[in-house]
Amino acid sequence: MGLFGKMFEKKTCAICGGEIGLLGNRKLEDGNMCKNCAKKLSPWFSERRRSTVESIKEQLAYREANKAEVAKFNPTLTFGTGTKVYLDEDARKFIVTRSSPRNFEESNPDVIDFSQVTGVDIDIEENSSEDMREDKEGRSVSYNPPRYFYSYDFNVIIRVNNPYFDQISFQLNSSSVEINENGAVPANMKPYPERNQDYSEYKRMGEEIKQALTSARQQVRDEAAAARAPKQAVVCKRCGASTIPDESGRCEFCGGAAL
């Protein structure tokens, strides 16, 4: 079979066994996958080409089990505008998605434990474009000194301990925040974006997300460390015995409140 024939040779999905249509193939390290199976993978997963058929099957099993976690998810705090971070404080879990709560089950966002968070970064990206003028010959030339327009994008990077992805990265703002109230800024003068209301709002929003997730993670870790710590004996205030209280704080001898 020639090269042209191989290009249009019918392929079978190694995941579901279905026939892969024209332009529907998604290459794996040791096989092929159809676009329908690819849609079921985590939106934060980016290693498809270096993944084996077996590892993809394992991830799809995880994604199927995730549906049950989504069904139980009850958001108590929400951050963001387009892409949002939803926290379920009671279950100590969170999700990141553009879907509204009524569409969670359809989009199946990854449900992440607070304890899986390893760090949160807010990256404010500055972009600039030069403002040009037209000379006597009609050519676009620089001002002297050059002048620039500035805009900003706000990216949230949540690093997580997950077997299929290690970070959740998304942009807070749906369109760049432009700092051009007074026209282009000369190259020898830096803008003061903090004076812009949208800039300040997105920066505050990013810091809120960082604070919420890092605080929740730390609380879970502190409680786990406390649970692992050896219990200390105390003198029961009711019977005076030296006792190690049970989980409810009661004396092992008299059954009363030891503390």
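Residues numbered from 1 in each chain as written. Predicted model: local features only at pLDDT ≥ 70, side-chain atom pairs only at ≥ 80, totals over all residues. Heavy atoms only, no water.

### Here's the deal with unusual backbone geometry
Logical step 1: A cis amide bond, omega 0 degrees, links N144 with the succeeding residue P145.
Logical step 2: Among the structural elements, P145 can be located in strand β10 (residues 140-160).
Logical step 3: Positive phi outside glycine occurs at R92, with the angle close to 60 degrees.
Logical step 4: Residue placement: R92 occurs in the loop between β6 (84-88) and β7 (93-97).
Logical step 5: Classification of R92 by relative accessible area gives partly exposed; the value is 31%.
Logical step 6: At N108, a residue that is not glycine, the phi angle is positive and equals roughly 50 degrees. (Helix = DSSP H or I, 4+ residues; strand = E, 2+ residues; numbered from the N terminus. Buried < 20%, exposed > 50% of the residue type's maximum accessible area, 1.4 Å probe, protein only.)

### Details of the pattern of salt bridges
Side chains that differ in charge, positive against negative, can pair when their charged atoms come close.
Logical step 1: Summed over the entire model, instances satisfying the criterion amount to 12 salt bridges.
Logical step 2: Taking the shortest distance from any N to any O, the salt bridge between K93 and E69 comes out at 3.9 Å. Of the two residues, K93 is situated in strand β7 and E69 in helix α3 (residues 53-72); the sequence distance between them amounts to 24 residues.
Logical step 3: A relative accessible area of 19% means that K93 is categorised as buried.
Logical step 4: The exposure class assigned to E69 is partly exposed, which follows from its relative accessible area of 27%.
Logical step 5: When the shortest N-O distance is used, the salt bridge between K93 and D113 registers 2.5 Å. Remark: D113 occurs in strand β8 (residues 112-113) and K93 occurs in strand β7; sequence separation between them is 20 residues. (Salt bridge = Lys/Arg side-chain N within 4 Å of Asp/Glu carboxyl O.)

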